[in-house]
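Close look at the chain arrangement
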Amino acid sequence: MDNKMMKYCGSIQQMIYVRPVTYREGRAEQMNAVEAKCGDIFFHSALDKALDISDFSYKGMNMTFLAKPGLEGRNHYDTNGEEALRSIMGGLFFTCGLENICAPCTIDGKDYPMHGRMRTTPAEHVGTDIVREGDTYKLIITGEMREAELFGENMVLRRRIESVLGENSITVTDEVENQAFRPEPLMLLYHCNLGYPFLDENCRLYVPSKGVTGREEFSQQYVEEWDRMKAPIDNECEYVYIHDMQSDENLDTMILVANHALNIGLTIEFNQKNLPYFMEWKSLASGDYVLGLEPSNSSVYGKTYHVENDTVHYLKPFEKETNVLKFSVIEGKEMIEEAINKINKIKNKGAKK
């Protein structure tokens, strides 16, 4: 983006901005967030909820799922067992962990809530900026979240969200550090949630997987339909699929959801070194119509599964791990075909390993 654009703009905020907002009613009362616009994309990052992106739109079209309770701040029941279902909003992604993902459980008398506590942890040391780098403008949001307990864990998640004007993408860089003086378990899942009007029966999911299995018998019955959406069905059960996902020689991989009627797609790129698991959550139920895509370092079967199989992932004292996820909107048949070809290439490389 060069100086020519500035001839057309009174303020650069016509094209790109980031500004703090506070909600003033309903379940979202007093929740703090950052409102961000970067060219054709628009989103909110929830400061009171781990900087998770609560909504995302492209050229005015919503692309993400918002659950029935709607937008909401932190509540007393957020991490109380299965009551957590009342506080899960959806959004482009919410962060599950850091002690537990998926189902709530109790181990050795200690309770671990559904999808953990990080998703309701407020950010500290928040920073926002618009910077010019050469001929480009970049939007930046930073902050850190601490999950800690007296005589317990002391985990820090440092998050950086970036978007470059003209690229129609968001890059999320997370660094997790164990600041305790003992090894600590790290369970981490990025719960990415797509919704209407982007998501409908014209959508197709592309994943470089060599095998897909259903989590339970109901999902397994329909495993051949894992990559297709249908029109909403009243009171339909949810489907959960576990992918044996492939990556390239650098462990980089990519998934695509394409709406072939709109010729618009969303890609998610990440590295499998620290996120070797990938799960798909598909709900065709009327009113709960959503496709969830879940890169993770742990299984959908949750903490008890890993404890029983002695496969819990630990960070040593003051050890760090970094994950980078890139969400990109693509438009047009040619770009969608290019993404599909790239995914097929990754799949074929994985098959030769």
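Residues numbered from 1 in each chain as written. Predicted model: local features only at pLDDT ≥ 70, side-chain atom pairs only at ≥ 80, totals over all residues. Heavy atoms only, no water.

1. Considering the pairing of strand β12 (residues 169–178)
Each regular strand carries side chains that alternate between the two faces of the sheet. How we decide: Only protein chains enter the accessibility calculation, which uses a 1.4 Å probe; a residue whose area is less than 20% of its type maximum is buried, one above 50% is exposed, and one in between is partly exposed. Only DSSP runs of H or I with at least four residues qualify as helices, and only runs of E with at least two residues qualify as strands; both kinds are numbered from the N terminus onward. Only when DSSP finds a minimum of two bridges between them are two strands counted as paired.
Among the 10 residues that make up β12, eight are buried, leaving the element largely enclosed by the rest of the structure. Sheet analysis places strand β11 (residues 154–164) next to β12, joined by eight bridges and oriented antiparallel. The residue bridging Arg-160 from the neighbouring strand is Thr-173, located in β12. What sits between the antiparallel neighbours β11 and β12 is a turn of four residues, in which Gly-166 has the positive phi angle 100 degrees. As paired elements, β12 and strand β23 (residues 320–331) share nine bridges and run antiparallel to each other. Each bridged residue has a counterpart across the sheet, and for Glu-175 the counterpart in β23 is Thr-322.

2. A closer look at empty space enclosed by the protein
We count it as follows: Here a cavity is any set of points on a 1 Å grid over the protein atoms alone where a 1.4 Å probe fits but cannot get out, and a pocket is any open set with protein on both sides within 12 Å along at least 5 of 7 lines; a residue lines the site when it has an atom within 4 Å of a point. Grid points are joined across faces, edges and corners, and a volume is the space filled by probe spheres set on the points. Charged means Asp, Glu, Lys or Arg here, nonpolar means Ala, Val, Leu, Ile, Met, Phe, Trp, Tyr, Cys or Pro, and polar covers whatever is left, Gly included.
The full count for this structure, using the stated rule, is two cavities of 30 Å³ or more. Estimated volume of the largest cavity: approximately 110 Å³. Elements supplying a minimum of two residues to the lining of the largest cavity: β4 (52–58) and β6 (93–98). The biggest single contributor to the lining of the largest cavity is β4, with three residues. Across the lining of the largest cavity, the residue classes break down as six nonpolar, four polar and three charged. Here the second largest cavity defines a volume of roughly 30 Å³. Every residue lining the second largest cavity is listed: Cys-203, Arg-204, Leu-205, Trp-226, Asp-227, Arg-228, Met-229, Glu-280, Lys-282 and Leu-291. Among the secondary structure elements, those contributing two or more residues to the lining of the second largest cavity are β15 (203–206) and β20 (277–283). Of all the elements, β15 adds the most residues to the lining of the second largest cavity, at three residues.

3. Details of the pattern of salt bridges
When charged atoms on two side chains of opposite charge get close, those side chains can pair. Filter applied, for reference: Salt bridges are counted wherever a side-chain nitrogen of Lys or Arg sits within 4 Å of a carboxyl oxygen of Asp or Glu.
Taken as a whole, this structure holds 23 salt bridges when the rule is applied. Salt-bridge contacts for Arg-159 lead to Asp-174; the nearest nitrogen and oxygen are separated by 2.7 Å. Of this pair, Arg-159 sits in strand β11 while Asp-174 sits in strand β12, placing them 15 residues apart in sequence. Classification of Arg-159 by relative accessible area gives buried; the value is 2%. Overlapping salt bridges, with partners in common, bring together Glu-99, Lys-110, Arg-117, Glu-149 and Glu-153 in one network.

4. Digging into the layout of surface pockets
By volume, the largest pocket amounts to about 710 Å³. Leu-85, Met-114, His-115, Glu-238 and Trp-281 are the residues nearest the centre of the largest pocket, which is lined by 27 residues in total. Contributions of two or more residues to the lining of the largest pocket are made by β14 (187–194), β17 (238–245), β20 and β21 (290–296). Per-class residue counts for the lining of the largest pocket are 16 nonpolar, five polar and six charged. The calculated volume of the second largest pocket comes to roughly 290 Å³. Taken together, 15 residues make up the lining of the second largest pocket; nearest its centre are Tyr-112, Pro-185, Lys-303, Val-307 and Tyr-314. Within the residue set of the lining of the second largest pocket, elements represented by two or more residues are β8 (110–112), β13 (184–185) and α3 (302–308). A total of three residues in the lining of the second largest pocket trace back to one element, the largest contributor, which is α3. Its residues assigned to classes, the lining of the second largest pocket shows seven nonpolar, one polar and seven charged.

Read these as spatial facts, not as claims about activity.
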